[in-house]
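This is what each chain is made of:
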Amino acid sequence: MKPDPRPLPRKLIPLKLTPTFTLKGRWESPIAGYLFISPWLLGFLLLTLWPMIQSMYYSFTKYTLLDAPEWIGLRNYERIFADDEMFRQSLKITILFVVLSVPIKLFSALMVAMLLNKKIKGISVYRTFIYLPSLIGSSIAVAILWQNMFGIDGFINKIVNMFGLDGVSWISNPHTALGTLIILVAWQFGSSMVIFLAGLKQISSELYEASSVDGASKVRQFFSITLPMLSPVLLFNLVLQTIGSFQMFTQAFIITKGGPINSTYMYALYLYDRAFSRYEMGYASALAWILLVVIGIVTALIFASSRYWVFYETEGGKRK
C-alpha cells in the first residue's frame with residue numbers, strides 16, 4: 001500500500017483568552033448574583049430592615065424626637081393595653097373597616113373580572129378604563145375629590161335631590177362617614193380585578209362545556225367550577241387586601257381626619273398622630289409593632305382556614 005501523499009492536517013491550537021477566567025466561570029460565581037441584586041438588597045437593609053430594628057428598640061424607650069431615647073422596658077405596651085382607650089377605639093374601627101371593605105372590594109373585582117372575561121370587540125379598551133381608578137385612587141387629589149362629592153353640596157346630594165329627597169353631609173355624619181371610605185376603597189378594585197381576570201383565563205373551557213351538557217346552570221357553574229378553580233387566586237387577593245386595609249391611612253387623613261366623633265379614626269392615623277403630632281416616637285413604635293402582630297395573626301388565621309376552602313390542581317382537588 002502506497003502512503004498517502006497528502007500532508008497531515010495541522011492540529012488546531014486554541015487561542016488563550018485574557019483575562020484568564022472564562023465567561024462560564026465568571027457567571028457561575030455567586031458574586032455575580034449578589035451584584036445583580038445589590039440595589040434591592042441595599043434598599044432592603046437600609047430602608048426596611050434597619051428601620052424595623054430601630055423601631056423595635058424605640059418601642060422599649062421614651063423617645064420624643066427631641067431628646068435621646070430613654071430605656072423604659074415594657075412601659076409603653078403596658079400603657080397601651082391598660083390605659084389607652086383610643087388604642088382600643090382605633091383598632092375596633094380598623095377591624096370593622098377591614099371586615100366590611102375587603103369582601104365588598106373582592107366581590108366587585110370578581111364580578112367585573114367575569115364580565116371582562118367575555119370575548120367582546122374592544123374588550124381591551126374597557127379593561128383599561130375600568131383599571132384607571134386603581135392607578136389614581138390612592139392619590140390625595142382623588143381623596144379631595146371624594147370629599148367634595150360627599151359634602152353637603154356635593155354631587156351625591158344633587159343626585160339625591162333629583163328624587164325629591166334631602167341630602168346629608170355624608171362625611172360629617174358619624175353613621176355614614178365610614179361608609180364613604182369603604183365605597184372609595186371598593187372603587188379601587190382594579191388590581192384585584194386584573195389578578196382575578198388572569199385566574200379566570202386559566203380555567204379550561206372544557207369544564208364549562210361538560211357541565212352544560214350535564215344541564216348545569218350558570219349559577220351552578222359559578223359555585224361548582226369557577227369558585228373552586230379560582231380559590232387560590234381568591235386566597236392571594238384576600239391576604240393582600242386584608243394587609244392593605246389594616247394600613248389604610250391616606251383617605252382617612254385627607255377626607256375625614258378621623259372624624260366625626262372618631263368614627264373613622266383608623267389605627268394608622270392614630271399611630272401617625274402619636275408619632276408626629278405628639279412626638280411620642282417610642283409610643284408610636286410600640287403601636288406599630290402591635291399592628292404588625294395583629295396583621296400576622298389575621299393572616300395566619302386566613303391561611304389556616306384555607307385548607308377548608310382552597311383547592312389546588314396538584315392535590316387533585318382534595319382538601320388537606
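All values derive from a computational prediction rather than experimental measurement.

Examining the packing of helix 13 (residues 267-277) against helix 14 (residues 281-305)
Then, in step 1: The interhelical angle for the contact between helix 13 and helix 14, taken along N-to-C directions, is 160°, at an axis separation of 7 Å. Accordingly, the angle class assigned to the pair helix 13 and helix 14 is roughly antiparallel. In this structure, helix 13 crosses over helix 14, and the sense of that crossing is left-handed. Within the contact between the two elements, helix 13 uses Tyr267, Tyr270, Leu271, Arg274, Ala275 and Phe276 and helix 14 uses Met281, Tyr283, Ala284, Leu287, Ala288, Ile290 and Leu291.
Then, in step 2: Here the residues of the contact of helix 13 with helix 14 are counted per class, giving 12 nonpolar, no polar and one charged.

Structural notes on the side chain of threonine 94
Then, in step 1: Of note, threonine 94 is situated in helix 4 (residues 85-116).
Then, in step 2: The exposure class of threonine 94 is buried, given its relative accessible area of 1%.
Then, in step 3: At 2.7 Å, the side chain of threonine 94 forms a polar contact with the backbone oxygen of serine 90.
Then, in step 4: Not counting residues up to four positions away in its chain, the partners in contact with threonine 94 are Ser245, Phe246, Met266 and Tyr267.

Overview of the packing of aromatic side chains
Then, in step 1: Evaluated as defined, the whole model comprises 16 aromatic pairs.
Then, in step 2: Centroid distance tyrosine 272 to phenylalanine 276: 5.4 Å. Interplanar angle 45°. Geometry classified as tilted. Of this pair, tyrosine 272 and phenylalanine 276 both sit in helix 13, four residues apart, which is roughly one turn of that helix.
Then, in step 3: Among the aromatic residues, ring-to-ring pairing joins Tyr57, Tyr58, Phe60, Tyr63, Trp71 and Tyr77 into one connected group.
Then, in step 4: For arginine 274, the ring lying beneath its charged end belongs to tyrosine 283, and the centroid distance is 4.3 Å.

Looking at the UniProt feature "transmembrane region" (unreviewed entry) in the chain
Then, in step 1: Mapped onto this numbering, the UniProt entry gives "transmembrane region" (unreviewed entry) at residues 31-53, 93-116, 128-146, 177-200, 221-240 and 286-310.
Then, in step 2: Between the end C-alpha atoms of residues 221-240 there is a gap of 27 Å, over a span that is 100% helix and 0% strand.
Then, in step 3: The annotated region residues 286-310 carries 80% helix and 0% strand content, and the separation between its end C-alpha atoms amounts to 35 Å.

What to know about the packing of helix 9 (residues 190-201) against helix 11 (residues 218-246)
How two helices sit against one another is set out by the angle between their axes and by the gap between those axes.
Then, in step 1: Two numbers describe how helix 9 lies on helix 11: the axes approach to 10 Å, and their chain directions differ by 155°. Classified by the interaxial angle, the pair formed by helix 9 and helix 11 is roughly antiparallel. Between helix 9 and helix 11 lies a crossing whose hand is right-handed. Here Ser191, Ser192, Ile195, Phe196, Gly199 and Leu200 of helix 9 come into contact with helix 11, specifically with Thr226, Leu230, Val233, Leu234, Phe236, Asn237 and Gln241.

Notes on the side chain of threonine 299
Then, in step 1: Looking at where threonine 299 falls in the secondary structure, it is placed in helix 14.
Then, in step 2: Accessibility expressed as a relative area gives 14% for threonine 299, which makes it buried.
Then, in step 3: Contacts of threonine 299, omitting those with residues within four sequence positions, involve Val239 and Ile243.

Overview of a nonpolar patch on the surface
Then, in step 1: A surface patch of nonpolar side chains, amounting to about 940 Å² of accessible area, comprises Trp40, Leu42, Phe44, Leu45, Leu46, Leu47, Leu49, Trp50 and Ile53.
Then, in step 2: As for its position among the elements, phenylalanine 44 is in helix 2 (residues 30-58).
Then, in step 3: With a relative accessible area of 31%, phenylalanine 44 lands in the partly exposed category.

Looking at unusual backbone geometry
Then, in step 1: With omega at -10°, the peptide bond leading from glycine 259 into proline 260 counts as cis.
Then, in step 2: Of note, proline 260 is situated in the loop between helix 12 (250-256) and helix 13.
Then, in step 3: With a phi angle near 70°, leucine 65 is a residue other than glycine that sits in the positive phi range.
Then, in step 4: As for its placement among the helices and strands, leucine 65 is situated in the loop between strand 1 (61-62) and strand 2 (70-71).
Then, in step 5: Taking the relative accessible area as the measure of exposure, leucine 65 reaches 36% and is therefore partly exposed.
Then, in step 6: One non-glycine residue, lysine 257, lies in positive phi territory at about 55°.

Quick notes on the rules
Residues numbered from 1 in each chain as written. Predicted model: local features only at pLDDT ≥ 70, side-chain atom pairs only at ≥ 80, totals over all residues. Heavy atoms only, no water. Axes fitted to C-alpha atoms, helices over the stretch in contact; angles between N-to-C directions. Helix = DSSP H or I, 4+ residues; strand = E, 2+ residues; numbered from the N terminus. Parallel < 35°, antiparallel > 145°, perpendicular 65-115°, else oblique. Left-handed = near helix turned anticlockwise from the far one by under 90°. Contact = heavy atoms within 4.5 Å. Nonpolar A, V, L, I, M, F, W, Y, C, P; charged D, E, K, R; others polar. Buried < 20%, exposed > 50% of the residue type's maximum accessible area, 1.4 Å probe, protein only. Polar contact = N/O pair within 3.5 Å; in protein donor to acceptor, adjacent residues only side chain to side chain. Phe/Tyr/Trp six-rings, centres within 6.5 Å; stacked < 30°, edge-to-face > 60°. Lys NZ or Arg CZ within 6 Å of the ring centre and 35° of its normal. UniProt positions renumbered as here; feature names shortened; annotations may be inferred. Patch = residues over 30% accessible without salt bridge, like charges linked within 9 Å, V, L, I, M, F, W, Y side chains within 5 Å. Areas by Shrake-Rupley, 256 points an atom, 1.4 Å probe, with all protein chains shown as cover. Salt bridge = Lys/Arg side-chain N within 4 Å of Asp/Glu carboxyl O.

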